[in-house]
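Secondary and tertiary structure notes
Chain by chain, the residues run as shown.
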Amino acid sequence: MNVENQDVLLDLEGEEEEEEDDDNDDGEIVLELNQVIIPTYGTVPDQQNLHTPEWRKRQVYESNLINNGLQLEATRSVLDEKLIFVKVHAPWEVLCTYAEVMHIKLPLQHNDLKTRKSAFNWFSRLFRVDENIIKPEQEFFTAPFQKEHLSNFYIQDKDTFFNPATRSRIVHFILSRVEYATKNNVKKFGINKLLDTGIYKAAFPLHDSSFRHLSTDPRCPSERYLLYREWAHPKNIFKLQPLDFIRKYYGEKIGIYFAWLGFYTNMLTVAAVVGVGCFLYGCLTKDNCTWSQEVCDPNIGGNIIMCPQCDRVCTYWNLTITCESSKKLCIFDSYGTLVFAVFMGIWVTFFLEFWKRRQAELEYEWDTVEYLEQEEQVRPEYEARCTHVVMNEITQQEEHVPYTACGKCVRMTFCTSAIFFWILLIIASVVGIIVYRLSVFLVFSSKLSQHINGTEAIRKYLTPQTATSVTASLISFVVIMILNIVYEKVAILITDFELPRTQTDYENSLTTKMFLFQFVNYYSSCFYIAFFKGKFVGHPGSPVYWLGKYRNEECDPGGCLLELTTQLAIIVGGKAIWNNIQEVLVPLVKNLIGRYSAAARSEKVVPRWEHDYHLQPIGKLGLFYEYLEMVIQFGFVTLFVASFPLAPLLALINNMLEIRLDAWKLTTQFRRMVPQKAQDIGAWQPILQGIAILAVVTNALIIAFTSDMIPRLVYYWSFSVPPYGSHSTHTMEGYINSTLSVFSISDFKNESKPSSPWFGNQTTCRYRDLRYPPGHQHQYEHNIYYWHVIAAKLAFIIVMEHVIYFVKFIISYVIPDVSEKTKSKVKREKYLTQKLLHENDLKGVKKTMGKIADKIIKGADSTFRPKDE
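Analysis parameters
- Residues numbered from 1 in each chain as written.
- Predicted model: local features only at pLDDT ≥ 70, side-chain atom pairs only at ≥ 80, totals over all residues.
- Heavy atoms only, no water.
- Axes fitted to C-alpha atoms, helices over the stretch in contact; angles between N-to-C directions.
- Helix = DSSP H or I, 4+ residues; strand = E, 2+ residues; numbered from the N terminus.
- Left-handed = near helix turned anticlockwise from the far one by under 90°.
- Contact = heavy atoms within 4.5 Å.
- Nonpolar A, V, L, I, M, F, W, Y, C, P; charged D, E, K, R; others polar.
- Phe/Tyr/Trp six-rings, centres within 6.5 Å; stacked < 30°, edge-to-face > 60°.
- Buried < 20%, exposed > 50% of the residue type's maximum accessible area, 1.4 Å probe, protein only.
- Parallel < 35°, antiparallel > 145°, perpendicular 65-115°, else oblique.
- Disulfide = S-S within 2.5 Å.
- Salt bridge = Lys/Arg side-chain N within 4 Å of Asp/Glu carboxyl O.
- Core = buried A, V, L, I, M, F, W, Y, C linked by side-chain atoms within 4.5 Å.
- 1 Å grid on protein atoms, 1.4 Å probe; cavity = no way out; pocket = protein on both sides within 12 Å on 5 of 7 lines; lining within 4 Å.
- Points joined across faces, edges and corners; volume = space filled by probe spheres on them.

Describing the packing of helix H16 (residues 503-531) against helix H19 (residues 624-639)
One can describe the packing of H16 onto H19 by two numbers: an axis separation of 10 Å at closest approach and a directional angle of 40°. You can see that H16 and H19 cross each other, and the crossing is right-handed. Here H16 contributes Glu507, Leu510, Thr511, Met514, Phe515, Gln518, Phe519, Tyr522, Tyr523 and Cys526 to the contact with H19, which in turn contributes Phe624, Tyr625, Leu628, Val631, Ile632, Gly635, Phe636 and Leu639. When the residues that make up the contact of H16 with H19 are grouped by side-chain class, the tally is 14 nonpolar, 3 polar and 1 charged.

Regarding the packing of aromatic side chains
Tallied over the entire structure, the rule returns 47 aromatic pairs. Note on Tyr264 and Phe351: the rings are 5.5 Å apart at their centroids and 50° apart in plane angle, and the pair reads as tilted. Of this pair, Tyr264 sits in helix H9 (residues 252-285) while Phe351 sits in helix H12 (residues 335-365), placing them 87 residues apart in sequence. The same class applies to Tyr264 as to Phe351, namely buried. Ring geometry for Phe719 versus Tyr724: centroids 4.3 Å apart, planes at 25°, classification stacked.

Observations regarding the packing of H16 against helix H21 (residues 684-706)
One can describe the packing of H16 onto H21 by two numbers: an axis separation of 13 Å at closest approach and a directional angle of 5°. Considering the angle they form, H16 stands roughly parallel to H21. Of the residues in H21, those in contact with Thr511, Phe515, Phe519, Phe527, Ala530 and Phe531 of H16 are Trp684, Ile687, Ile691, Leu694, Thr698, Leu701, Ile702 and Thr706. Here the contact of H16 with H21 is built from residues that sort into 11 nonpolar, 3 polar and no charged.

Side note on the state of the cysteines
Overall, the coordinates contain 4 disulfides when judged by the stated rule. Covalently, Cys307 is tied to Cys765 through a disulfide, its sulfur atoms 1.8 Å apart. Taking the sign of the S-S torsion, 90° for the link of Cys307 and Cys765, the bridge is right-handed. One end of the pair, Cys307, is in the loop between strand E10 (305-306) and strand E11 (317-318); the other, Cys765, is in strand E19 (residues 764-768), with 458 residues separating them in the sequence. The exposure class assigned to Cys765 is buried, which follows from its relative accessible area of 1%. Covalent S-S linkage joins Cys310 and Cys314, the inter-sulfur distance amounting to 1.5 Å. Of note, the bridge from Cys310 to Cys314 carries an S-S torsion of about 100° and is right-handed in sense.

Focus: the pattern of salt bridges
Counting across every chain of the model gives 22 salt bridges. Arg229 serves as the salt-bridge partner of Glu230, at 3.2 Å between the closest nitrogen and oxygen. Glu507 serves as the salt-bridge partner of Lys253, at 3.2 Å between the closest nitrogen and oxygen. With Lys253 in helix H9 and Glu507 in helix H16, the pair connects residues that are 254 residues apart, well separated along the chain. Exposure remark for Lys253: the relative accessible area of 25% places this residue in the partly exposed category. According to the relative accessible area criterion, Glu507 is buried, its value standing at 16%. Within the structure, one salt-bridge network assembled from shared partners comprises Arg229, Glu230 and Lys239.

Let's talk about unusual backbone geometry
Look at the link from Pro722 to Pro723: it is a cis peptide, with omega at 15°. With respect to the helices and strands, the residue Pro723 is situated in the loop between helix H22 (709-719) and helix H23 (735-739). The backbone of Asp367 shows a phi angle near 60°, a positive value even though the residue is not glycine. One can find Asp367 in the loop between H12 and helix H13 (380-384). Look at Asp367 and you get buried, because its relative accessible area is 11%. At Leu499, a residue that is not glycine, the phi angle is positive and equals roughly 60°. Following the sequence through the fold, Leu499 ends up in the loop between helix H15 (464-498) and H16.

Considerations on the nonpolar core
Counting residues in each nonpolar core, the largest one holds 145 residues, and the members touching the most others are Trp260, Tyr264, Trp347, Phe351, Tyr523, Phe636 and Phe640. Apart from the residues within four sequence positions on either side, Phe640 is in contact with Tyr523, Cys526, Phe527, Leu568, Gly635, Asn699 and Ile702. With 36 residues, the next largest nonpolar core counts Val88, Phe145, Phe162 and Ile174 among its residues.

Describing empty space enclosed by the protein
A full pass over the atoms with the stated rule returns 7 cavities of 30 Å³ or more. One number sums up the size of the largest cavity: a volume of about 120 Å³. As for the largest cavity, its lining consists of 17 residues, of which Val430, Ile433, Ser476, Ser524 and Ser525 are closest to the centre. Breaking the lining of the largest cavity down by element, the ones donating at least two residues are helix H14 (405-447), H15 and H16. The biggest single contributor to the lining of the largest cavity is H14, with 6 residues. In the lining of the largest cavity, the residues fall into 10 nonpolar, 6 polar and 1 charged.

Spelled out as structure tokens, the structure:
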């Protein structure tokens with residue numbers, strides 16, 4: 001059957017499916033029904049009428065669709081005789097009527113403002129889509145459509161005046177508001193309710209063609225094929241996205257997501273280049289790292305015996321064991337890291353400010369500036385619970401609500417309590433990982449050879465600290481991925497119980513909960529390593545215990561920064577690999593199973609709507625999980641970048657693949673989404689701003705308390721020379737010796753004293769801290785070096801935060817949210833709207849009234865003219 005003029009298709013096997021066909025130039029959606037009964041229209045032979053409540057609802061609904069001007073046509077599935085598709089077509093008059101009702105902005109005339117080409121236009125052309133394949137969209141000034149001013153709008157061809165996304169949106173608008181039943185004086189309406197109750201199987205707009213080849217119909221633009229070839233195909237990984245074309249086919253909501261993701265990826269290029277530069281700087285300067293050389297020097301580190309890091313089973317160990325880890329640490333704990341942390345604090349401000357400008361341009365170009373949220377439809381789940389009657393203060397009319405003020409209070413209290421409970425559960429899982437780290441360290445310490453005279457080469461790399469860190473990071477990653485699945489269900493259940501009124505309210509509420517869960521889930525282990533591990537350990541003679549049983553972990557002599565880097569690399573890398581594999585394999589396997597099972601039943605030619613029916617549904621939340629994935633990644637890139645300067649590079653590589661994978665899914669594996677309007681990225685914008693503010697604090701704290709940069713600077717400038725040091729000039733020599741305190745083995749408590757024998761004649765061991773030695777009048781108390789370091793750390797945090805926040809404020813003030821170019825376009829559009837629509841109305845009135853109007857004007861003039869004296 002030729003569907004070139006169909007707008008919507010209903011499939012009749014028990015569920016419903018809505019799909020739009022782009023082979024036609026009018027909006028089309030396909031609905032799939034549950035039972036074989038269409039006595040009033042179409043190409044299906046008469047069937048036995050099943051007078052069930054579902055049948056009556058369907059009959060009423062479809063009759064009302066026809067009464068609203070839509071045209072319905074039914075066709076049977078070629079693979080399943082019980083399955084019937086109903087195609088719904090919206091003719092020109094219906095499109096015009098509802099375009100006015102929905103305040104859809106449509107072209108008035110071409111954009112006549114002169115545009116200056118960028119100096120980099122020649123360079124960007126290398127990465128653009130070939131304009132001979134996908135022609136650039138013409139720029140128009142637009143205005144809300146009015147049928148009475150039809151002649152003022154730029155209509156060259158009625159078939160192309162409404163683009164595919166607009167047609168689909170209009171048809172879905174009608175489907176969402178047509179009644180199908182009345183119960184207790186409450187009207188039941190909308191396709192979503194019929195989908196939820198199983199009267200229809202699905203509802204989705206049709207793709208216009210196959211993604212593998214052009215349509216044989218010369219009137220079909222084959223936009224899906226072009227999108228796959230020039231956008232979703234891996235060969236286009238370095239090309240810019242055809243955003244206007246994406247918006248034309250899928251609508252503004254999907255368009256704004258890919259615009260944001262592309263903009264974020266482009267900005268990551270700068271951060272990745274600087275991050276790689278800082279990493280290379282660390283690699284080039286690691287051989288000049290004096291403190292690492294001292295650790296590896298047999299005459300310095302080889303003579304330093306370290307105290308056991310756990311009770312009883314741990315033994316004394318030689319500092320040179322950490323030689324390899326100290327060399328790696330020199331790469332990340334360098335002055336380049338400090339520069340990069342400051343740079344990223346400023347970079348994130350530029351990213352958010354320039355995105356606001358870009359978003360303002362898209363709002364104008366895609367006609368979402370005056371998008372009215374109040375026109376959004378009430379969720380069927382909300383309406384179904386509207387059993388209480390209240391008085392609307394504004395309209396002074398009765399309206400139905402799902403709960404009273406007291407009931408709302410109870411719901412909010414319950415939901416808030418549930419959120420805190422699950423957050424505490426996440427924290428409990430983190431505590432479990434910490435307990436694992438503390439207990440397994442004892443095992444590794446007793447099993448791995450730790451004798452100070454050992455010669456095994458593997459000891460250079462597989463220390464108890466390294467083994468514990470790597471295994472704990474892997475377990476933490478697995479726990480995070482498992483908890484994600486659980487918390488996703490929990491967040492949805494809590495949000496469903498809240499009963500938000502509109503889909504936007506629902507998504508914003510779910511966004512807040514999911515991000516809160518994910519924030520604690522993903523970042524808690526990193527916060528523990530960065531700010532808690534090794535900070536409260538006491539000293540060997542008086543260690544601090546977790547839960548009164550487990551001795552607190554200590555950092556390596558070089559600090560916990562390398563462990564934080566390892567944790568980030570495993571989580572960021574593992575998360576990216578897991579998500580991309582999941583996004584590719586899950587829909588692909590499902591579609592392959594459906595395709596082969598369908599092919600086994602029939603050798604017939606399958607029409608487009610049936611092909612699309614066997615694709616995967618996009619889901620009610622649409623792009624929610626795509627946004628969540630990217631925002632979590634944004635947090636890793638910004639919050640802990642001081643410890644892992646390669647994070648922006650990994651994010652850049654992942655995002656370049658992510659854009660094409662998401663595009664591939666949309667064009668090949670999923671049914672076409674119902675186009676939706678969207679002004680911006682919604683609740684994600686304030687979340688990004690919050691992360692940007694928090695990132696300045698976390699990176700300052702990482703440099704101050706996690707890395708050893710501040711202690712090294714204090715030693716170099718103050719404690720390497722008199723009165724505290726013995727060197728004549730500022731130097732880093734002797735740094736390791738000055739940062740390792742001395743402990744007398746005779747001061748061990750019985751429960752802490754190592755069971756292994758002591759090698760040599762020495763009576764002391766060393767530990768990582770800044771305390772007075774035994775025999776001093778303040779033995780084992782913090783020394784003057786410690787208090788100098790604390791003061792320097794606090795001063796650094798205050799200075800760094802204030803400098804970066806001041807720069808962020810200046811940048812935000814200097815860069816306007818809307819460019820002058822966009823402001824000029826908006827003003828020009830308002831002027832043309834006033835001139836072409838409103839002034840023409842006045843001219844028409846004057847022409848119609850003729851002389852009567854002239855007399856009225858003359859009479860008004862004479863009335864108010866001052867008398868001659």
